[in-house]
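# Reading the structure
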Amino acid sequence: MCIVEFGRKFKMPSVIAFNYLKKHHALVFLNRHYEAEHLLPLSETLSAMQTICRKNGGTI
């Protein structure tokens, strides 16, 4: 769900969103912190994913 919603937020297909999130380590972040992240509003999770991507070379 997070990958699809991230793609919608930034107007990209799910495949592109997946590749971007994988490349910039946001998927690792989600796996490590799933227990906490699934309790937060989706908007906060997407914001955290964006921050992780930026810290790892992402431009979105």
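The coordinates are above.
As a starting point, this report considers the structure included with it. None of these values were measured; they are calculated from a predicted model.

### Considerations on the packing of aromatic side chains
- Under the definition given, this model contains two aromatic pairs.
- Between phenylalanine 6 and phenylalanine 10 the ring centres are 4.8 Å apart and the planes differ by 50°, which places this aromatic pair in the tilted class.
- The exposure class assigned to phenylalanine 6 is buried, which follows from its relative accessible area of 0%.
- With a centroid separation of 6.0 Å and 20° between ring planes, the pair formed by phenylalanine 6 and tyrosine 20 is classed as stacked. Residue phenylalanine 6 is found in helix α1 (residues 2-9), and its partner tyrosine 20 is found in helix α2 (residues 14-23); the two are separated by 14 residues along the sequence. For the pair phenylalanine 6 and tyrosine 20, one class covers both residues: buried.

Definitions and limits used
- Residues numbered from 1 in each chain as written.
- Predicted model: local features only at pLDDT ≥ 70, side-chain atom pairs only at ≥ 80, totals over all residues.
- Heavy atoms only, no water.
- Phe/Tyr/Trp six-rings, centres within 6.5 Å; stacked < 30°, edge-to-face > 60°.
- Buried < 20%, exposed > 50% of the residue type's maximum accessible area, 1.4 Å probe, protein only.
- Helix = DSSP H or I, 4+ residues; strand = E, 2+ residues; numbered from the N terminus.

Everything listed here is a matter of coordinates, which is why it stays silent on function.
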